[in-house]
Amino acid sequence: QVQLVESGGGLVQPGGSLRLSCAASGSIFVITTMGWYRQAPGKERDLVATITRGGNTNYTESVKGRFTISRDNAKNTVYLQLNSLVPEDTAVYYCNAGVYNAYGKNTYWGQGTQVTVSS
């Protein structure tokens with residue numbers, strides 16, 4: 001199977017920055033689109049940003065100009081740089097990946113990493 005392991009979350013003051021990482025391992029032939037989602041308390045999980053294998057990116061409106069998604073295909077890793085953080089960015093951040101392997105194509109999720117923006 002495939003494991004996605006996130007890291008880099010934490011507590012940061014408003015206006016601060018964090019960098020999240022998500023590394024995929026296991027039975028992987030190729031990873032297509034990778035993405036970051038977030039879920040705030042009492043709310044649904046929402047899209048933050050996605051990136052294709054070729055590097056095309058897509059962002060939800062509220063993070064444009066503040067967050068940057070990138071990936072390293074050789075390392076099967078996706079990153080999310082979070083700048084100019086505001087309290088509304090507080091959430092558990094999840095990565096996901098579309099993976100082709102011996103089982104076909106499936107979408108896998110990480111376990112989540114907490115980001116808290118507070119003074």
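Throughout what follows, the structure given in this document is the object of discussion. (Residues numbered from 1 in each chain as written. Predicted model: local features only at pLDDT ≥ 70, side-chain atom pairs only at ≥ 80, totals over all residues. Heavy atoms only, no water.)

1. Describing the side chain of Asn 96
Part 1: Mapped onto the elements of the fold, Asn 96 is located in strand 9 (residues 91–101).
Part 2: Among the residues examined, Asn 96 registers a relative accessible area of 10% and is labelled buried.
Part 3: Excluding residues within four positions of it along the chain, Asn 96 makes contact with Leu 4, Thr 33, Met 34, Gly 35, Tyr 37, Thr 107, Tyr 108 and Trp 109. (Helix = DSSP H or I, 4+ residues; strand = E, 2+ residues; numbered from the N terminus. Buried < 20%, exposed > 50% of the residue type's maximum accessible area, 1.4 Å probe, protein only. Contact = heavy atoms within 4.5 Å.)

2. As for the state of the cysteines
Part 1: With the rule as written, the count across this model stands at one disulfide.
Part 2: The disulfide partner of Cys 22 is Cys 95, and the S-S distance across this bridge is 1.9 Å. As the torsion about the S-S bond is roughly 45°, the Cys 22-Cys 95 disulfide counts as right-handed. Taken together, the positions of Cys 22 in strand 3 (residues 18–26) and Cys 95 in strand 9 put the pair 73 residues apart, joining distant regions of the chain. Cys 95 matches Cys 22 in its accessibility class, with the two residues each being buried. (Disulfide = S-S within 2.5 Å.)

3. As for the layout of surface pockets
Part 1: Taken as a whole, the largest pocket holds about 190 Å³ of empty space.
Part 2: Lining the largest pocket are 13 residues, with Arg 38, Ala 40, Lys 43, Asp 46 and Glu 88 sitting closest to its centre.
Part 3: Taken together, the residues of the lining of the largest pocket break down into four nonpolar, four polar and five charged. (1 Å grid on protein atoms, 1.4 Å probe; cavity = no way out; pocket = protein on both sides within 12 Å on 5 of 7 lines; lining within 4 Å. Points joined across faces, edges and corners; volume = space filled by probe spheres on them. Nonpolar A, V, L, I, M, F, W, Y, C, P; charged D, E, K, R; others polar.)

4. A closer look at the pattern of salt bridges
Part 1: Throughout the structure, instances matching the rule amount to three salt bridges.
Part 2: Salt-bridge contacts for Arg 38 lead to Asp 89; the nearest nitrogen and oxygen are separated by 2.9 Å. One end of the pair, Arg 38, is in strand 4 (residues 30–39); the other, Asp 89, is in the loop between strand 8 (77–82) and strand 9, and 51 residues separate them in sequence.
Part 3: With relative accessibility at 13%, the residue Arg 38 sits in the buried group.
Part 4: Classification of Asp 89 as buried rests on a relative accessible area of 1%.
Part 5: When the shortest N-O distance is used, the salt bridge between Lys 64 and Glu 61 registers 3.1 Å.
Part 6: Among the residues examined, Lys 64 registers a relative accessible area of 45% and is labelled partly exposed.
Part 7: Accessibility expressed as a relative area gives 60% for Glu 61, which makes it exposed. (Salt bridge = Lys/Arg side-chain N within 4 Å of Asp/Glu carboxyl O.)

5. Comments concerning the pairing of strand 3
Part 1: Summarising the sheet, strand 1 (residues 2–7) and strand 3 pair through six bridges and their orientation is antiparallel. Within strand 3, the position partnered with Val 2 by the bridge is Gly 26.
Part 2: Sheet analysis places strand 3 next to strand 8, joined by six bridges and oriented antiparallel. Directly across from Ser 21, in strand 8, lies its bridge partner Tyr 79. (Pairing = 2+ DSSP bridges.)

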